[in-house]
Amino acid sequence: FDVAGALCGWGSDIHAGRRPKHDAAIVRALRDAGGVILGTTTSTEYAMARMAPTTNPFDPNRTPGASSSGSAAAVAASMADVAIGSQTIGSGIRPAAYCGVFGYKPTQGAFSLSGAMPLADILDHPVIFANEMALIVKTFTALRDSSAAYTARLISNDNRRPIGALPHAALVAPWFKDAFSADVWEMVRSFARQVPDIDCTPLSLPHHIGAREEGCLTTILSADMWRYHGADYRQHHDKMSSGLRTWLERGRDIKAESYRAALDLRAQLIADVWEALRDYNFVVTLATTDIPPLRSEGTGSRAPQRLWNLIGCPAICGPIGKIAGLPVGLQIVGRPGSDAALLDIAKHVFHDTENASPI
């Protein structure tokens, strides 16, 4: 996100030293609401590839997550009250979980991303990080009431879709092929079952959803990355990591009909997910597959965050405990447009974990 006069180099050697003249729309909205911008944080390369130098505040040998790692780590280390990051696959919820802070991703398309580095129009989301739910809500409210909000319809209080007297949540079992920690999943299940006044029902998604969502997102994202950053590849591919080049080369080779088919599949997956979840207001599930891995092992699996990002849902992660001294997060997902209701339920779910996350 561009901050006027600050270093905003996209984690890239190509754009190192870049200092934009204007704030991104969200940054401008935060200033207008009285926020004091302290500075910018580091990102992975183009928010996608080579790791940033940031370490996990709980263990410097561990990853803080992916593209928004700097933002999540800054909040966890009490360097800032609130930070803004992004998520295109899973790089907001995952850093929040790994760093033991709250991370909230609004409904896709609710806020302007003008002035933010693009990856894929229908996949890019802003993310708010904070140590307290109250600050998540305060920041969300400031953005909702600002010029950065595209339309109040997308984040309306009226889109709660009540089903019965109590909130109905589906405790969704892992639907993806990536391995996951039995201890982390048990902590999530145990925590969810003990939240008072919420009906949390175990549920498994149909197999075909988990089998198709990764390929769908990869096609859309790769093609859009090439559209936005292909010129950088053509001129400076030698300054890119091999991981970033792989994404761009994949996107370069995707045909228009394949891209359209992926968009059609996304629409079908949205319908299939909400058909499977037709009786539920919210999803409760893993935020990550495990505790933060060693930096030498990468930035962690994107699997628990990817589906919900693909279909544009609001999601929030909050800390629920630790394993081996490292944070574990729980993810709550709402229906598109149910942001206010999601934040209400998150305040209830995470009531006893507030202020427990800073190091």
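The structure this text deals with has already been given above.
Within every chain, residues take consecutive numbers counted from 1 along the sequence as written. Since the coordinates come from a predicted model, pLDDT governs what is reported: local features require at least 70, and pairs of side-chain atoms require 80 or more to be given and counted, while whole-chain, interface and lining totals use all residues. Remark: hydrogens and water are excluded; side-chain values derive from all non-hydrogen atoms of the structure.

1. Quick look at the packing of helix α6 (residues 207-236) against helix α7 (residues 242-252)
Part 1 of the reasoning: Where α6 meets α7, the axes come as close as 7 Å, and the angle between the chain directions of the two elements is 105°. Overall, the two elements α6 and α7 adopt an arrangement that is roughly perpendicular. Packed against α6, whose contacting residues are Thr218, Leu221, Ser222, Ala223, Met225, Trp226, His229 and Tyr233, the element α7 presents Leu244, Arg245, Trp247, Leu248, Glu249, Arg250, Gly251 and Arg252 at the interface.
Part 2 of the reasoning: Three classes are used, and their members are as follows: Ala, Val, Leu, Ile, Met, Phe, Trp, Tyr, Cys and Pro are nonpolar, Asp, Glu, Lys and Arg are charged, and the others, Gly among them, are polar. Grouping the amino acids of the contact of α6 with α7 by side-chain chemistry returns 8 nonpolar, 4 polar and 4 charged. Under this scheme, a helix contributes an axis fitted over its contacting stretch, all axes are lines through C-alpha atoms, and angles between N-to-C directions fall in the 0 to 180 degree range. Here a helix means four or more residues in a row that DSSP labels H or I, a strand means two or more in a row labelled E, and each is numbered from the N terminus. Geometric relationships in this document are graded by angle, where less than 35 degrees denotes roughly parallel, more than 145 denotes roughly antiparallel, 65 to 115 denotes roughly perpendicular, and other angles denote oblique. In this analysis, two residues are considered to be in contact whenever any of their non-hydrogen atoms come within 4.5 Å of each other.

2. Focus: the environment of Ala231
Part 1 of the reasoning: Structurally, the position occupied by Ala231 is in helix α6.
Part 2 of the reasoning: Only protein chains enter the area calculation, which uses a 1.4 Å probe; residues under 20% of their type maximum are buried, those over 50% are exposed, and those in between are partly exposed. On the accessibility criterion, Ala231 (33% relative accessible area) is partly exposed.

3. Remarks on the environment of Ile128
Part 1 of the reasoning: Mapped onto the secondary structure, Ile128 falls in strand β3 (residues 125-130).
Part 2 of the reasoning: Put simply, Ile128 and Leu7 are 121 residues apart on the chain and 20 Å apart in space, counted from C-alpha to C-alpha.
Part 3 of the reasoning: Excluding residues that lie within four positions of it along the chain, Ile128 makes contacts with Val82, Ala83, Ile84, Phe102, Gly103, Tyr104, Ile136, Thr139, Phe140 and Leu143.

4. Things to note about the side chain of Ser301
Part 1 of the reasoning: Position of Ser301 among the secondary structure elements: in the loop between β6 (282-286) and α9 (303-310).
Part 2 of the reasoning: There is a polar contact of 2.7 Å between the side chain of Ser301 and the side chain of Asp178.
Part 3 of the reasoning: Residues within four places of Ser301 in sequence aside, it is in contact with Arg94, Tyr98, Asp178 and Thr289. Any pair of nitrogen or oxygen atoms within 3.5 Å is treated as a polar contact; in protein, a donor-acceptor pairing is required on top of that, and neighbouring residues in sequence qualify only through side-chain atoms on both sides.

5. Notes on the pattern of salt bridges
If charged atoms from side chains of opposite charge come close, those side chains can pair.
Part 1 of the reasoning: Salt bridge, as applied in this entry: a Lys or Arg side-chain nitrogen positioned within 4 Å of an Asp or Glu carboxyl oxygen. For the structure on display, the rule yields 15 salt bridges.
Part 2 of the reasoning: The salt bridge partner of Glu45 is Arg50, with a shortest N-O separation of 3.8 Å.
Part 3 of the reasoning: Arg50 gets classed as partly exposed once you look at its relative accessible area, which sits at 33%.
Part 4 of the reasoning: With its nearest N and O atoms 3.8 Å apart, the salt bridge here joins Lys177 to Glu214. Placement of Lys177 in the loop between β4 (168-172) and α5 (182-194) and of Glu214 in helix α6 is noted, with a sequence separation of 37 residues between them.
Part 5 of the reasoning: Judged by its relative accessible area of 29%, Glu214 is partly exposed.
Part 6 of the reasoning: Connected through salt bridges with shared partners, the residues Lys177, Glu213, Glu214 and Arg306 form a single ionic network.

6. With respect to the state of the cysteines
Part 1 of the reasoning: Two cysteine sulfur atoms form a disulfide, by the criterion used here, when they sit within 2.5 Å. Applying the stated criterion to the full structure yields 0 disulfides.
Part 2 of the reasoning: Sulfur of Cys99: no disulfide; nearest cysteine sulfur belongs to Cys317 and is 10 Å away.
Part 3 of the reasoning: For Cys99, a relative accessible area of 0% corresponds to the buried category.

7. Considerations on α7
Quick reminder: α-helices carry 3.6 residues per turn. Residues three or four places apart thus point the same way.
Part 1 of the reasoning: Considered for burial, the residues of α7 that qualify are Leu244, Trp247, Leu248 and Gly251. Burial along α7 is one-sided: seen end-on, the buried residues are contained in an arc of 90°.
Part 2 of the reasoning: Looking at the buried side of α7, the elements it contacts are α6. Read the arc as the range of directions from the helix axis to the C-beta atoms.

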